[in-house]
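Read off the chains here:
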Amino acid sequence: MRILVVEDETDTQDFLNERLKEKGFAVDVADTGSRGLYYAKTNEYDLILLDYGLPEKNGFAICEELRMDGNTTPIIMISVSDAVQYKIRGLTTGADDYVSKPFYFEELYARIQAILRRPTTIQSTTLFIDDLVLDSAKQIVLRTDKPIYLTRKEFALLELLLKHKGVVVTRGMIMEHIWDLDLDPFSNTIETHVLNLRRKIEHPEKTKLIHSVPGRGYKIDLTR
Ligand code: CA
């Protein structure tokens, strides 16, 4: 899951960046309204945390512009004011939720989870192939009913492959959804994670699940 944080205060930026990464999210940070809008338009995010008071363009303007553009990425608006008018305005310009500063991270995290759980963003929480089952809500993976322990990145990678079962998932898609903008596209991080994932989920006596597609990416399916 990839989150965009649009926030100009460095303390809040660092705090959100750190805590969200601890929870396993890929995080991009934009420190001005224009940059935030640009990131939101050019990348695909699962959720946007949008501060109201920003240089160049405020949160309401960004929210409005994204919605008018047909962008449906869930947005949680953050503001120092908890005045009712602000909340109403935030929600009527198309934000999905509203949090006032100061806030507890746990509260924000609960709101994020509630939004990401909505059926419009996650069609099915259980994905499977052969006798491998991944449950996104419970964050568990089973093969032949035995639990497999994956790191957060490995889990996210497997989830992405399973959501596109039978179709090639490109390195670009993997970077977009699982890594932050700062991953060097030529590094072998993706290969290393695929290798580790294979080691954990493949079974020597069963059909191979993860296939490399040279020059393109990876695919999960049951073809030999
Ligand atoms: Ca601000």
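K.L.:
Describe the overall build of the chain, and please don't skip the residues or the numbers.
P.N.:
Regarding its fold elements, the chain presents 8 helices and 12 strands. Computed over its C-alpha atoms, the radius of gyration of the chain comes to 19 Å, within 12% of the 17 Å expected for a compact globule of 224 residues. Dimensions of the chain, computed from C-alpha atoms along their principal axes, come out at roughly 60 × 35 × 30 Å. The 224 residues of the chain split such that 46% are buried. By sequence separation, contacts in the chain at least 24 residues apart represent 56% of the contacts at least 6 residues apart. Accessible area for the chain stands at about 11,800 Å²; split by element, carbon and sulfur atoms hold 52% of it. Computed over 30 positive and 35 negative side-chain charges, the inter-centroid distance for the chain is 7 Å.

K.L.:
Can you tell me about the coordination of the calcium ion, naming the residues and giving the values?
P.N.:
Within the protein, the atoms that donate to the calcium ion are Asp8 (OD), Glu9 (OE), Asp51 (OD) and Gly53 (O), at distances of 2.1 to 3.0 Å. In the primary structure, the donors to the calcium ion are separated according to the pattern D-E-x41-D-x1-G. In this pair, Asp8 sits in the loop between β1 (2–6) and α1 (10–22) while Asp51 sits in strand β3 (residues 47–51), placing the two residues 43 residues apart along the sequence. Using a relative accessible area of 30% as the deciding quantity, one classes Asp8 as partly exposed. Under the relative-accessibility criterion, Asp51 is labelled buried at 3%.

K.L.:
So what's going on with the sheet that holds strand β8 (residues 140–143)? Which residues, and what values?
P.N.:
One key point about sheets: their strands pair by backbone hydrogen bonds, in either a parallel or an antiparallel sense. Pairing is antiparallel across the open sheet formed by 4 strands, whose spatial order is β6-β7-β8-β9. Each of the sheet's edge strands pairs with one partner strand only, and the pair in question is β6 (126–129) and β9 (146–148). On average, each strand axis in the sheet is inclined to that of its neighbour by 25°, with strand direction left out of account. In the sheet, β8 pairs with β9 via 3 bridges, with the strands oriented antiparallel. Directly across from Leu142, in β9, lies its bridge partner Pro147. Each of β6, β7 (132–135) and β8 touches helix α6 (residues 152–163); the most contacted strand, β7, lies at about 110° to it.

K.L.:
How would you explain the packing of α6 against helix α8 (residues 189–201) if you had to name every residue and give the values?
P.N.:
At a minimum axis separation of 10 Å, α6 and α8 run at an interaxial angle of 80°. With respect to their mutual orientation, α6 and α8 come out roughly perpendicular. On α8, the residues that touch Lys153, Glu154, Leu157, Leu158 and Leu161 of α6 are His193, Val194, Asn196, Leu197, Lys200 and Ile201.

K.L.:
Give a detailed account of helix α2 (residues 33–42), specifying residues and quantitative values.
P.N.:
Note on helix geometry: an α-helix contains 3.6 residues per turn, so any two residues three or four positions apart are oriented the same way. Taken together, the buried positions of α2 are Gly33, Gly36, Leu37, Tyr39 and Ala40. Buried residues of α2, seen end-on, are gathered within an arc of 165° and therefore sit on one face of the element. Looking at the buried side of α2, the elements it contacts are β1, β2 (26–30), β3 and α3 (59–68).

K.L.:
Give me the pairing of β6: which residues, what numbers.
P.N.:
Of the two faces of β6, only the one carrying Leu127 and Ile129 is buried; Thr126 and Phe128 on the other face are not. As paired strands, β6 and β7 are joined by 4 bridges and run antiparallel to one another. Within β7, the position partnered with Leu127 by the bridge is Leu134. The hairpin turn running from β6 into β7, its antiparallel successor, is 2 residues long, and Asp130 in that turn takes a positive phi close to 50°.

K.L.:
So what's going on with the domain arrangement of the chain? Which residues, and what values?
P.N.:
Taken domain by domain, the chain holds domain 1 (2–116) and domain 2 (126–220). Placing a centre on the C-alpha atoms of domain 1 and another on those of domain 2 gives a separation of 29 Å. On the domain 2 side, the residues contacting the 11 residues of domain 1 number 7 residues. Across the domain 1 to domain 2 interface the summed buried area is about 840 Å²; carbon plus sulfur atoms make up 40%. On the domain 1 side of the interface with domain 2, the three residues burying the most area are Arg2, Ala26 and Glu44, jointly 48% of the side's total. At the surface where domain 1 touches domain 2, the tally comes to 1 salt bridge. Note that Glu176 is salt-bridged to Arg2, the shortest N-O span being 3.7 Å. At the boundary of domain 1 with domain 2, the tally comes to 3 residue pairs in polar contact (both at pLDDT 80 or more). When residues of the side of domain 1 that touches domain 2 are traced back to their parent elements, those giving at least two are α1 and β2. Examining the composition of the side of domain 1 that touches domain 2, we find that 3 residues originate from one element, β2, more than from any other.

About the thresholds
- Residues numbered from 1 in each chain as written.
- Predicted model: local features only at pLDDT ≥ 70, side-chain atom pairs only at ≥ 80, totals over all residues.
- Heavy atoms only, no water.
- Helix = DSSP H or I, 4+ residues; strand = E, 2+ residues; numbered from the N terminus.
- Rg over C-alpha atoms; globule rule 2.2 N^0.38 Å.
- Buried < 20%, exposed > 50% of the residue type's maximum accessible area, 1.4 Å probe, protein only.
- Contact = heavy atoms within 4.5 Å.
- Areas by Shrake-Rupley, 256 points an atom, 1.4 Å probe, with all protein chains shown as cover.
- Lys, Arg positive; Asp, Glu negative; His and termini not counted.
- Charge placed at Lys NZ, Arg CZ, Asp CG, Glu CD.
- Donors = N, O, S within 2.8 Å, 3.2 Å for Na, K, Ca; no water.
- Pairing = 2+ DSSP bridges.
- Axes fitted to C-alpha atoms, helices over the stretch in contact; angles between N-to-C directions.
- Parallel < 35°, antiparallel > 145°, perpendicular 65-115°, else oblique.
- Arc of directions from axis to C-beta.
- Domains from an automatic or database assignment.
- Buried area = accessible area lost by both parts, 1.4 Å probe.
- Salt bridge = Lys/Arg side-chain N within 4 Å of Asp/Glu carboxyl O.
- Polar contact = N/O pair within 3.5 Å; in protein donor to acceptor, adjacent residues only side chain to side chain.

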